[in-house]
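# Close look at the chain arrangement
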Amino acid sequence: MNIFQVSTVVIYGLISILAFIKGIYEVNKKNNSFGEAPFLLFLGIFVWSDAVIIGLFGLLVSLICLLIGDWILFWLIISIFWVVRSLGEIIYWINEQFSPIIRNPPETLLGYKFFKNDSIWFVYQLFWQCVMVVSIVFSILLARFWIK
């Protein structure tokens, strides 16, 4: 790996460990498992309990890819993670649509000003379906490069 590649993986690992530490603090010390972490969305971390698991995962992925020196594998794992993460979000928003328990009132969601009712839930579902498609395509392309 060149210096740019190493730096990228190291920065990802450092952000991941900081997210993990902050997640542990928020979950255990502040009892804030469902508190939002909007500045960590790019890692797939939406709430602080996500940060505990995904932060540790990101750190381990970074360390392993640095140890074996594989830049393509790093991005392949990240891409596959997004396939799985987006599938989970699709399921979450489908459940939100049909559950009698409303965990996410429509008016609290980004995009509600445009979609002014509970249709926002299937809009979120469709958004995550698009993320999943893009992630699958990237995973296929990266797997092709990695196998070569």
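The next subject is the packing of aromatic side chains. As enumerated under the stated definition, the model contains 14 aromatic pairs in all. An angle of 5° between the planes, with centres 6.2 Å apart, marks the rings of W82 and W128 as stacked. Remark: W128 occurs in helix α4 (residues 119–147) and W82 occurs in helix α3 (residues 71–98); sequence separation between them is 46 residues. Each member of the pair W82 and W128 is classed as buried. Arranged with centres 4.8 Å apart and planes meeting at 80°, the rings of F114 and F115 form a pair that is edge-to-face. Three or more aromatic residues link up through ring pairs in this structure, and these residues are F46, F57, F81, W82, F127 and W128. Of note, K22 hangs over the ring of W48, and the distance from its end group to the ring centre comes to 5.5 Å. Above the face of the F34 ring, R103 is positioned so that its terminal group lies 5.4 Å from the ring centre.

Within the largest apolar cluster, 31 residues are counted, with the highest numbers of intra-cluster contacts made by L40, I45, F74 and W128. For this core, the leading source of residues is α3, giving 10 residues. Leave out the neighbours within four places in its chain, and I45 touches A19, A37, L40, D50, A51, I54 and G55.

What follows concerns α4. Look at α4: 42 Å from first C-alpha to last across 29 residues, which is about the 42 Å you get at 1.5 Å a residue. Residues of α4 that are buried include every one of S119, I120, W121, Y124, Q125, W128, V131, M132, S135, S139 and L142, and no others. Among the structural elements, α3 are those in contact with the buried residues of α4.

All right, on to the environment of Q129 then. Tracing the sequence through the fold places Q129 in helix α4. Exposure remark for Q129: the relative accessible area of 29% places this residue in the partly exposed category. Each C-alpha atom, one on Q129 and one on I91, is 10.0 Å from the other, the two residues being 38 residues apart in sequence.

Here we take up the packing of helix α1 (residues 3–29) against α3. Their axes nearest at 10 Å, the elements α1 and α3 cross at an angle of 35°. For the crossing formed where α1 meets α3, the hand is left-handed. Together, F4, Q5, T8, V9 and Y12 of α1 and W71, F74, W75 and I78 of α3 make up the contact between the two elements. Among the residues making up the contact of α1 with α3, the classes are represented as 7 nonpolar, 2 polar and no charged.

Here the focus is the layout of surface pockets. Quantified by volume, the largest pocket comes out at close to 850 Å³. Taken together, 22 residues make up the lining of the largest pocket; nearest its centre are E36, F46, E89, W93 and Y124. Elements that contribute at least two residues to the lining of the largest pocket include exactly α2 (48–68), α3 and α4. Of the residues forming the lining of the largest pocket, the biggest block, 5 residues, is contributed by α3. Of the residues contributing to the lining of the largest pocket, the split by class is 13 nonpolar, 4 polar and 5 charged.

What counts and what doesn't
Residues numbered from 1 in each chain as written. Predicted model: local features only at pLDDT ≥ 70, side-chain atom pairs only at ≥ 80, totals over all residues. Heavy atoms only, no water. Phe/Tyr/Trp six-rings, centres within 6.5 Å; stacked < 30°, edge-to-face > 60°. Helix = DSSP H or I, 4+ residues; strand = E, 2+ residues; numbered from the N terminus. Buried < 20%, exposed > 50% of the residue type's maximum accessible area, 1.4 Å probe, protein only. Lys NZ or Arg CZ within 6 Å of the ring centre and 35° of its normal. Core = buried A, V, L, I, M, F, W, Y, C linked by side-chain atoms within 4.5 Å. Contact = heavy atoms within 4.5 Å. Expected span 1.5 Å × (residues − 1). Axes fitted to C-alpha atoms, helices over the stretch in contact; angles between N-to-C directions. Left-handed = near helix turned anticlockwise from the far one by under 90°. Nonpolar A, V, L, I, M, F, W, Y, C, P; charged D, E, K, R; others polar. 1 Å grid on protein atoms, 1.4 Å probe; cavity = no way out; pocket = protein on both sides within 12 Å on 5 of 7 lines; lining within 4 Å. Points joined across faces, edges and corners; volume = space filled by probe spheres on them.

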